[in-house]
Each structure stands twice: as structure tokens, then as C-alpha cells.
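Listed below are the residues making up each chain.
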Amino acid sequence: MGEALVEAAGLLFAWGPILGFLVVLPVALLSGLIPGGGLPTAVVILGFAWTLDPLVAATMVVFSMAASDITEPVPSILLGIPGSRTAQATILDGYPLAQQGKAGLALGASYTCTLIGGLIGAAALLIALPMARHLLQYFGAAEFFLLALMGIFAVGVVSQGAMVKGLLTSTFGIGIATIGYTPVGNVVRADMGLTYLWEGINLTPIIVGLFALPELIDLVASDTRVSKKAGSTLLKESRSQVYEGMLLAIRKHKLLLLRSSLIGTFVGAMPGLGGSAGHWISYASAQATEKGAKETFGRGDIRGVIAADSANNSSDGGVLIPTVIFGIPGSPGMAILLAILIIGGTSPGPSMVTDKLPFTMALVLTLTIANIVVVPIMLFAAPFVLKLASIRPAVLAPPAIALVTLAAYSSNFRTADLLVAAGFMVLGIFMKAYGWPRPPILIAIVLTPILEQYMNIATNAYGWSMIQRPQFLIILGIMVVAFVYSAKMQRGAGSTQETRSEPVDVA
Amino acid sequence: MMTAGTRRRWKPWKSLASATALTLVLAGCGGGVEDAEEASAPAEDEAAEGASEEPAEEEADPAEDEFDLEAHFDGQRINFVIGFGAGGGYDVIARMMLPFLEAELPGKPSLTVQNAPGGGGLLAVQEVLRAPADGLTFGMMPLGRFFVPDLLGYEIENFDALEVFPTGRPLGDSVFVGCVRNDVATSWEEILEAGERGEVISFAADEPGGIERSVDFLIAAGAPVRMVTGYGGTAEMLASFGRGETDASGRCSTTSQFQELGADVVADPGVTPLWWEEVAPDEEWLEFLGGHELPPELTELPGLEISDDLAIGYQLSRDLSGGRMTYIRAGAPEPVQQAWLDAVEAVALNPQFQDLLATQELKGGYGPPDPFMEAPAVIEGLSDEAVGYLIRFLGLNVE
């Protein structure tokens, strides 16, 4: 292992990979900062896959993915717009913090968690690689189904005090997710005679319509800045807030950080599940177990940011495991990495941890390098980024609205996506105005296809015998305990996530 | 009269209006499928005019070999439209083909892959069929998915099978072997005996039709097997096979992907090949699987009840699955059609291209478009039962 690591370092510290990182870095940073979606960096790299050295192409994809994951929390925190793949749960506490003039605190904690979470994910990958293949053989469709279900249960947790509303909105989300081809056959559901709906409704226009546009319109209509604090005060306090956020993550909440990172890595490593469920499970777990969290999460509790963002970045290490060892990509970016590996003559499988271990180690080191390089850049740039929270809506809104609308259009280059965004915008405005939680819709849309796929496989492959599997019972037991504990804590929970309630001092 | 307060109230809405205008301008500058539709509308008119003028042109210039192919393709940028997203199998093969096609086509045009996912690939086909009938828009997709239902009389939005001109498949027939885990059974006879006890062997599948039609065929022939559908692809299926979630696999194919991902299960508990389909595996592969003898071809397995209709439907489904079939819009000048046929065949048989395919676990070779050319006549003569089997084995969602 040590030799492979040294060889991997030698492979990486060459002109090819270094130039690749430099080329990809600004694009990836920008990609994560664009609210609602970003540039298809990995797709562009794929276009050059035949002309690039396989190692260079693969490490560029991993680097771009990691870098954009680090920057995705920025629009979540400053504008209340979740990322298309990650940084979704971050808005629940990150945005309220920004509204209270504590955006620096949220960003400082976020960057620190992404750095440490990313390093933990990479380290876990390194440790687990030799035995990952044997370990993951114990988990099958039945367990993946339960883990997806666990993610759906996060609905109840994030809808504290508005459980009924949360369940209703998540049911709506499940309905939206079932439009299009079934995951288990060539049957199209609820297409209403429209070919556009055969592939389902794209997630990016939904995020833009449900979150981005209502938030921006709200800013414009109320003519108030994101932060109630003046720009000069914000700038003055920015560095100290960022530093305070870093310390909170490293010192006061280090156990939460560690636990959330491990959850993100573990869930990300589940073949087919991807990292989407990880940050929701981590957030829900923190809300269920942290002291006083039931009253404070969703109102600007820094622990919510820590729980979500630690899992976000640590899952990058996790999703590499099924991709390189089983050839099962855990995310769209991993699918492109897989294509690049195969084009370069590298078949995923056990040889990735034997003959080709240095190559695999190079991918892990790339994750580490991305975190080490990008996070300090973002920390340095934080005070300038924070100014977004103090910009007048008349100045901020037009380009932001244009950008998010373009993000919705560029996902498939179909005008119908803009109509979808507009429709969800109307829905989002009403939901925001009347206190209906919107995140459960997102959770349901992301996890329902996975849940349905594995539920079908599990019931067909195992039938009732699945409940005799020890691994199934262990995960089920954890879920039951968490649910009972959470339900007990739900009594006397405060108002919903949607209201701009008084700030919570849990720093 | 506009007061200061009124002016302040209007300010935010001015921002919104400017944002909307900015967005519309930027979006209008972008390209997409709708642009192709608008662009091709007048082009369709041109094509229609061209078609109506053709007889006159033919009369004026019956020597088609005077058609200047070089000039037709020279300097052109051809869109290679794929109905699936970037990074997928179709996308990768299309990108592999690009430089070879550019070299083979007269005039050396440049080709670009355009991903147009949606509608299960239908949107990409519609885009190719909306393009002018000049052979300058090229596509690749599982034609059988839409071709056959259309020939059977089912209505598919903006698709007419007779508007498609298949130009060949740049792949050969892969070697697919069905195999079973040795801790479940060690021969087909054991599976039949288990069937008599009411036990059924499970095979992983992604969806009905496709490669797993072999298993569907066995089910239709009364074999004690079943499919567990929903897996996301070969890798997931092999993973499930490896951990014993499913008993058998129809994808013990002669690829390095199986060598990599199936190595563990081949070592322990071991696998037994049950049948092969289309191309027999060689001795080296049988040695890798554990030193077995060549199993029978799928339709020769004992204990199956194979009616004539079942056999016809199954064979036709293999011919008309049209996986990775390239095509252009019908109606292009005949020299252009021939140029594409020649180019695809040359690419398919190019050793360098076949080496690239090997990295994708695919077998090189050329699949001629003849089955699709003959399909209308063949399908017309089928019995209802054979049609039913054809629909089933292609995994088509039609009634």
C-alpha cells in the first residue's frame, strides 16, 4: 500500500496532471458557484478523453467534481438555493444564518467541514480499498432499499413541527418522481401524452423553480438584502466570523463533524445509492441526536451546516469505491469517470486494488489535493463572496435570475424545462408564503427512483427472506431506534423550517 | 403622479423586468432541439421541394455517379445525434467513431456528437428525421424500439419507420453465455429437476428485452427460470450475481469486464455455462469459466417447448433489436446513402477501431442494415402469436 501511494504521488506530480488541475480549477469553482447547477465540466473533459492521457483525464474529472462540491454550499448559504446534487440540506440552516448576518460563520464552518470531511472520505477510501470489495458484497438490494428509505425518513425530521405538511409535500415529490419510464420496465407513467415527460422531470428546473426563483423574487419584492446587516459591518465582521466558524467546526463540534463524515462516506460507498442520500441522512441524524437540535435546527444552527457539509464532501470518497471496484457509478460525474477509465483501457474491478492500485491511489490523492487547494482559496475569498449577502436586490436579482434560468435551460436545452421552472416557481412562492416545507419535495424526487428500483429488486430477489439477513436487520434496527427517538423528540417541536423565526445562538 | 414612494415601489419590479428580458435574450442565443426544429422547418420545405423536383432532376441528369460527393461533404459539420447522455455506452462508441468516420467520408467533413436524451431515445430520432434529407445529420440508437412498433401499426409521435435509412451497425455479434453459480446448480439438467420440485432459478436483468431476451425466451419455452429486473447495467447485474443475490446470469460474456467483475464468483463457488447465443465461446473462455465443455446453443437446450411462432419471434427479435444501429433520414441522394453505408462498414471493419471497441468490451464486426430493409415485408407475414413474441422479446411497451 505504501509503495503504491508513493508511486501514485509520483504519477500525480507531473506536468500533465498539474496542468490539468490548473485548467479545470477556475471552471470547477465557477460551476459550483452558479446557483441551481453548473457547467458540465466532466462532459467537456470526456470530449477530450481520447487525446488525453487516461490518468490526466480521470484525475481532472475527480478534481473538478471535488472542487465544485466545495463551492456548491455558497449559493445554498448566501441565496438559499440548493445545489443540484449536493449542498441541499445546507440551506436549512446556512441560509437562516446568512439572514442573521452570520454568513461568514456558516461559510467558515462549511469550508472547514468540506475540507475535513473530504480528507476523512479520502482516508476512509484508502483504508477500505483492499477490503472494500469483500465488505460491499454483504450489502445487497435489500440494504440499499432500506438506506434509501432512511433518506426518505429524513422528511419527518426536517419537517419538525409540520409533520403532516412535510409528509404531504414529500408525497407530492414522490408523485413527481414517478413520472416517466419505470425503473424496472419499458412502461411510461403519467406522461399525459407528452414525449418530454418520458424521461421524467429534470431536477435542475425543479430546484430553480422551487427554491431559487422564489427566494430571489422575495428579495426583490421586499426590497431587502439577504443579510440584515449593512455591507460595511458584514465586511468588517467577515474574517472574524469565518475564523469563528472554522473553530466551531474543529473544536466544539468535532465529534459531529467526524460522525457526519463517516455517514457520508458509508452511504456514498453503497453501489447505486450515490451521495444524494448521505447528507440528508447525516442532517437528520444530527437533528435527532444533538442536544436541543429539535428546537434550533432550521433556524440557523451551525450544527446543521456542519452535519450536512461534512457528509457532502466525504461522500466523494465513498462514491469512488463502487465506481472503480464494481463499475457502478454513484453519480453522473462518476459515470463519466467510468467512461474515461474504460476508454483509457482500464476496466473497473478487483485489479483496481491490485495491479492498478497506484492509479486508484492517484484518484484518492486527487481528492485530497482538491480539498487542500480549493478550501484555502475559498476561505481567502470568503469576505468578497460574503458581499453577495449585502448587495441590493435590484443589483443582485437580475443577473442571479438570469443565471439560474440559464441553468434550468442548459440541463437539457429544452424550452419545456423553463415552463417547468416557472410552474414550480409559482408553487414555491405559495409554499414559502404559507409555511409549507419545500425540502421534502427535493428529498422525495432524488430518492424515490432509487427506492423504487431497489424495492423491486429486493422483493423479487429475496421476497420475505430479506428480513432474515443480519445486515438488513441491523440497518432496520438503527432506523427503528432513530425513528422512535425522533418521534419522542417531535412533541413540542417549534415552528416549521420556512418561517424566518428569531435567530438561535448555538455557536 | 409618480411620488418618491411610488418610484421606490416600482424599482424592484423594474429589476424583475430587466432580469426577465436579459434571460430571454440569453436563452434565445442558445441552441437546442427546438432550434433544430425551427431550422429544419424551412429545410423540410426545401427537402419536399427537392423531392418533388427529383424526378425532373433524374430526367435531366440520370447519371448519379456525376453527383459530387466530395463537394457535398466538404467543409460540412455533421451532427452525430445520440439519444442518450454523455458517458453512456452509445455516447462513448459514437465518440470513438468520429475520427474514423471523418477519414472514411468523402470530402472529410467534421463530425460532432450531440447528446439529445429524452423519450427513451425518441427525441434524438425525431431530430434526425426533422433534419433535411441530405445525409448531413447522422444518428445511432436502438432502432428496434421504435421501428418495429411503427411497422406493427402503433402510432409513435413524429416517427415513421419508412423515413429512416439504416446505415449499418459498427459492431459484431457479442458472445453471450448464460451461466449459473455452482452452489445453485451444475448443469441444465439439475435446473430442470429443480423446476420439477417447484424451484425456479433467478437471472438478473436491467429491463425486459435487450440482452435478457434469452432468459425471456426460456421463460416462454417453459423453463424453470425467472428474471429479476431493475438492475442498472451489466456491472450491477454481475455484482448481484457475485454476491448470490441472483442465481444465474445471461451476461457471462467473453469480455474483460466479466473477467474483472466475475472473477470472484468464477473462483468461488464457480460457475457452469448453460448455453450460448449467436456466437459460440472459444475454448479459452470455457477454460476461464472452469474448464467446461461447450454447452448447447440456446434454442438447443433440452426440455424446452419451442413452437414455430416462438422460434420466429425470437429470431426476428435478434435481427431487429437494432442495437447501436446508425442511420440517416431517408430521401438523401443515393450516392450519399451509399457513402454512409460504405463508411460505416469500413469503420466497423477497421482493426484500429476494433481495438478501441475491445476497450469497451465490445466485439468488432459489421452488422448490415438488411434486416431493417426487409422488415416491412417480413412483419406483414407474421402470425399474431409471433408478433406477440416479437414485441415481448424486444421489450416493447405496446399492446
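Residues numbered from 1 in each chain as written. Chains lettered and ligands numbered in written order. Predicted model: local features only at pLDDT ≥ 70, side-chain atom pairs only at ≥ 80, totals over all residues.

Draft legend 1. Structural context of the overall build of chain B. For chain B, the helix and strand inventory stands at 17 helices and ten strands. The proportion of buried residues among the 399 residues of chain B is 45%. Pairs at least 24 apart in sequence give 75% of the contacts found in chain B among residues at least 6 apart. (Helix = DSSP H or I, 4+ residues; strand = E, 2+ residues; numbered from the N terminus. Buried ≥ 20, exposed ≤ 12 C-beta atoms within 10 Å, placed from the backbone. Contact = placed C-beta atoms within 7 Å.)

Draft legend 2. Seen up close, unusual backbone geometry. Here Asp268(B) and Pro269(B) are connected by a cis peptide whose omega angle stands at 10 degrees. Structurally, the position occupied by Pro269(B) is in the loop between helix H11 (263-267) and strand E9 (271-277). For Met192(A), which is not glycine, the phi dihedral falls at a positive 55 degrees. With respect to the element layout, Met192(A) can be found in the loop between strand E2 (188-189) and helix H10 (203-222). For Met192(A), a count of 7 C-beta atoms within 10 Å gives the class exposed. Although it is not a glycine, Asn158(B) adopts a positive phi angle of roughly 55 degrees. Relative to the helices and strands, Asn158(B) resides in the loop between helix H6 (144-151) and strand E4 (164-168).

Draft legend 3. Summary view of the domain arrangement of chain B. When cut into domains, chain B gives domain 1 (37-46 + 65-171 + 324-368) and domain 2 (176-318). Taken over C-alpha atoms, the centre of domain 1 of chain B sits 32 Å from the centre of domain 2 of chain B. (Domains from an automatic or database assignment.)

Draft legend 4. Region of interest: the packing of helix H13 (residues 308-320) of chain B against helix H17 (residues 384-393) of chain B. Residue and element names in this part refer to chain B. Direction vectors running N to C along H13 and H17 enclose 40 degrees, while the axes themselves pass 8 Å from each other. Comparing their axes, H17 and H13 come out oblique. Here H13 and H17 pass one another in a crossing that is right-handed. The residues of H17 that touch H13, namely those facing Asp309, Leu310, Ile312, Gly313, Tyr314, Leu316 and Ser317, are Glu385, Ala386, Tyr389, Leu390 and Phe393. (Axes fitted to C-alpha atoms, helices over the stretch in contact; angles between N-to-C directions. Parallel < 35°, antiparallel > 145°, perpendicular 65-115°, else oblique. Left-handed = near helix turned anticlockwise from the far one by under 90°.)

Draft legend 5. Representation of the sheet that holds strand E10 (residues 325-329) of chain B in the model. Residues and elements named next belong to chain B. What the five strands build is an open sheet, ordered E2-E1-E3-E10-E4; its pairing is mixed. Looking at strand neighbours, the two that pair on one side only are strand E2 (110-115) and E4, the edges of this open sheet. Each adjacent strand pair in this sheet contributes to an overall mean axis angle of 30 degrees, direction not counted. Looking at chain direction, E4 and E10 are connected through four bridges and run antiparallel. Each residue of the ladder has a partner; that of glycine 168, found in E10, is threonine 326. Against the sheet, helix H14 (residues 334-349) engages E4 and E10, with an angle of about 35 degrees to E4. (Pairing = 2+ DSSP bridges.)

Draft legend 6. Seen up close, the pairing of E10(B). All names here are of chain B. Within E10, five of the five residues are buried, leaving the element largely enclosed by the surrounding structure. Of the pairings in the sheet, the one linking strand E3 (residues 137-141) to E10 comprises three bridges and is antiparallel in character. Bridging from a neighbouring strand, methionine 141 pairs with methionine 325 of E10.

Draft legend 7. Region of the structure containing the confidence of the model for chain A. Residues and elements named next belong to chain A. Mean pLDDT over chain A works out to 80, with 85% of the residues at or above the 70 mark. Averaged over each element, pLDDT in chain A is lowest for helix H3 (residues 41-47) (68) and highest for helix H19 (residues 415-433) (92). Scored below 50 in pLDDT, residues 492-507 makes 39 contacts in the model with residues more than four places away or belonging to other chains. (pLDDT = per-residue confidence, 0-100.)

Draft legend 8. Looking closely at the packing of helix H1 (residues 2-12) of chain A against helix H17 (residues 357-386) of chain A. All names here are of chain A. For the pair H1 and H17, the least separation of the axes is 8 Å and the interaxial angle reads 65 degrees. By the criterion of interaxial angle, the relationship of H1 to H17 is roughly perpendicular. Handedness of the H1/H17 crossing: right-handed. For the pair H1 and H17, the contacting residues are Ala4, Leu5, Glu7, Ala8, Ala9, Leu11 and Leu12 in the first and Leu357, Pro358, Met361, Ala362, Leu365 and Thr366 in the second. Of the residues assigned to the contact of H1 with H17, the class counts are eleven nonpolar, one polar and one charged. (Nonpolar A, V, L, I, M, F, W, Y, C, P; charged D, E, K, R; others polar.)

Draft legend 9. Spatial organisation of the environment of Gly89(B). Mapped onto the elements of the fold, Gly89(B) is located in helix H4 (residues 89-104). Each C-alpha atom of the pair Gly89(B) and Glu189(B) lies 36 Å from the other, and the pair is 100 residues apart in sequence.

Draft legend 10. Inspection of the environment of Pro376(B) at higher detail. All names here are of chain B. Looking at the element boundaries, proline 376 is found in helix H16 (residues 370-380). A count of 13 C-beta atoms within 10 Å places proline 376 in the partly exposed class. Along the backbone, proline 376 and leucine 151 are 225 residues apart, and their C-alpha atoms lie at a distance of 6.4 Å.

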